[in-house]
Amino acid sequence: MAESISTKNDDFATVIGPDAQFNGELTFQGGVRIDGKFDGSITTTGKVFVSKSGHLKAEVKAASLALEGKLEGNLTAQDRVELRATGQMLGDVKASKLLVVEGATFIGRCEVGPDVKATPAPVTTAKGVKEPPTMRPVCAGK
Amino acid sequence: MPGGSTPTRRRILCTHCSLVLEVDEAAKSVSCRHCYKRVVTEALIVKNYVAVRKFHTANRMRITKKGIVYAAVKADDLEIDGVLEGDALAMRGIRLTKRARVKGNLRGRTLVVQPGASLVGDVRIGPDCVPETAALEE
Ligand SMILES: [Zn+2]
């Protein structure tokens, strides 16, 4: 089995703390760690980690996702999705790789495989124009 | 019995009526004392093409890389290395290896999808998703 998604604190530029509650739309390029409550949508070219205390009601588009908390909503990942022992996923998953560890719950539609075309998450360029990263790579700090 | 050894027995769920049966470990099939239907109790290794309505065993099932199954599948543990088109229920875990191609709805306690495998269907995976097994723990 391929290596699991690293969830070290240094990997996440954005952290939504355990006491935080966030409603809205998050669009960015790095990784995000969610320890609190989030309602809305997340679009990133990086990875998303929902810790045990994290609870998402969201549409998520990301490169990969590791779930230890709860996600209610649909998830599209270009690479890997890991539902860990305490993870609860209620929604549809589209990804190229999936791991459901014993104890995790997953109820929803599943499309997994190397041929599954997960639409890359659009990122906002410096000019504020939304376009898929495959069209023109966007460098951080540009 | 010569040697004094008693055959090992195990508790299973009838694959038709989901009621508990106690069977000899070595039995290949038994008749259910509740619904009187034949219950396959041997481990199955599928190496060829199988197209039936129901393909059930109260034991492990492994669909090898040459196995192509068009059926509703039920097993204790299910490993898929080949092709499955149909719904699958595993009392314990479902494992899709890198060559697996699965189209159907899956239900089980755990699911492992190795990189390279493909799966399209509705899934219900989790410790509470197979309530039938509670009868075995009583
Ligand atoms: Zn029966």
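Bear in mind that the values here come from a model prediction, so they are computed numbers and not experimental data.

K.L.:
What is the right way to look at the overall build of chain B in this model?
P.N.:
When you go through chain B residue by residue, the secondary structure sums to 1 helix and 16 strands. A compact globule built from 138 residues should have a C-alpha radius of gyration of about 14 Å, and chain B, at 16 Å, falls within 12% of that. For chain B, the C-alpha atoms occupy an extent of roughly 50 × 30 × 25 Å along the three principal directions. Looking at chain B residue by residue over its 138 residues, the buried ones come to 49%. Long-range pairs, those at least 24 residues apart, make up 12% of the contacts in chain B between residues at least 6 apart in sequence. Carbon together with sulfur atoms contributes 50% to the accessible area of chain B, which is approximately 7200 Å² in total. One way to put it: in chain B the 24 positive side-chain charges average out to a point 6 Å from where the 15 negative ones average out.

K.L.:
Help me understand the coordination of the zinc ion, please; the structure alone is not making it clear to me.
P.N.:
By definition of the ideal shapes, a tetrahedral metal site with four donors has angles of 109.5 degrees and an octahedral site with six donors has angles of 90 or 180 degrees. Residue and element names in this part refer to chain B. Here the zinc ion is held by Cys 14 (SG), Cys 17 (SG), Cys 32 (SG) and Cys 35 (SG), and the distances to it run 2.3 Å. Of note is the zinc ion, whose 4 donor atoms meet at the metal with angles of 104 to 121 degrees in an arrangement that counts as tetrahedral. Using a relative accessible area of 22% as the deciding quantity, one classes Cys 35 as partly exposed.

K.L.:
Even after reading the chapter, I still don't get the nonpolar core, so can you show me in this structure?
P.N.:
Side chains of a nonpolar character, in soluble globular proteins, are inclined to be buried together. Ranked by size, the top nonpolar core spans 56 residues in total, and within it Val60(A), Leu98(A), Phe106(A), Leu96(B), Leu111(B) and Leu119(B) carry the most contacts. Beyond its immediate chain neighbours, meaning those up to four positions away, Leu98(A) contacts Val81(A), Leu83(A), Phe106(A), Cys110(A), Val112(A), Leu111(B) and Val113(B). Residues Cys14(B), Val23(B), Cys32(B) and Ala58(B) belong to the second largest nonpolar core, which totals 9 residues.

K.L.:
I keep staring at the domain arrangement of chain B and nothing clicks. Help me out?
P.N.:
In many reports, interface size means the accessible area that the parts give up when they come together. Residue and element names in this part refer to chain B. Under the domain assignment used here, chain B contains domain 1 (9-39) and domain 2 (43-129). Using only C-alpha atoms to locate each centre, domain 1 and domain 2 end up separated by 21 Å. Contact residues are listed per partner, giving 6 residues for domain 1 and 7 residues for domain 2. Together domain 1 and domain 2 conceal approximately 500 Å² of surface at their shared face, both sides included; 50% is due to carbon and sulfur atoms. Taken together, domain 1 and domain 2 are joined by 0 salt bridges. For the pair domain 1 and domain 2, the interface holds 2 residue pairs in polar contact (both at pLDDT 80 or more). Ranked by residues supplied to the side of domain 1 that touches domain 2, first place goes to strand β1 (residues 9-13) with 3 residues. Here the residues of the side of domain 1 that touches domain 2 are counted per class, giving 3 nonpolar, 2 polar and 1 charged.

K.L.:
What am I meant to see in the interface of chain A and chain B here?
P.N.:
Contacts between chain A and chain B engage 20 residues on the former and 20 residues on the latter. Taken together, the two surfaces of chain A and chain B that pack against each other cover about 1600 Å², and 59% of this comes from carbon and sulfur. In this assembly, chain A and chain B are joined by 1 salt bridge. A salt bridge links Arg109(A) to Asp122(B); the nearest nitrogen and oxygen atoms lie 3.1 Å apart. At the level of elements, β13 (97-100) and β14 (105-112) of chain A are the ones that each hand at least two residues to the side of chain A that touches chain B. By residue number, the principal contributor to the side of chain A that touches chain B is β14(A), which donates 8 residues. A per-class count over the side of chain A that touches chain B returns 11 nonpolar, 4 polar and 5 charged. Of the strand pairs in this sheet, β14(A) and strand β16 (residues 118-125) of chain B are connected by 7 bridges, and their pairing is antiparallel. Directly across from Gly108(A), in β16(B), lies its bridge partner Val123(B).

Scoring rules and cut-offs
- Residues numbered from 1 in each chain as written.
- Chains lettered and ligands numbered in written order.
- Predicted model: local features only at pLDDT ≥ 70, side-chain atom pairs only at ≥ 80, totals over all residues.
- Heavy atoms only, no water.
- Helix = DSSP H or I, 4+ residues; strand = E, 2+ residues; numbered from the N terminus.
- Rg over C-alpha atoms; globule rule 2.2 N^0.38 Å.
- Buried < 20%, exposed > 50% of the residue type's maximum accessible area, 1.4 Å probe, protein only.
- Contact = heavy atoms within 4.5 Å.
- Areas by Shrake-Rupley, 256 points an atom, 1.4 Å probe, with all protein chains shown as cover.
- Lys, Arg positive; Asp, Glu negative; His and termini not counted.
- Charge placed at Lys NZ, Arg CZ, Asp CG, Glu CD.
- Donors = N, O, S within 2.8 Å, 3.2 Å for Na, K, Ca; no water.
- Tetrahedral: all angles 85-135°; square planar, octahedral: opposite > 155°, others 65-115°.
- Core = buried A, V, L, I, M, F, W, Y, C linked by side-chain atoms within 4.5 Å.
- Domains from an automatic or database assignment.
- Buried area = accessible area lost by both parts, 1.4 Å probe.
- Salt bridge = Lys/Arg side-chain N within 4 Å of Asp/Glu carboxyl O.
- Polar contact = N/O pair within 3.5 Å; in protein donor to acceptor, adjacent residues only side chain to side chain.
- Nonpolar A, V, L, I, M, F, W, Y, C, P; charged D, E, K, R; others polar.
- Pairing = 2+ DSSP bridges.

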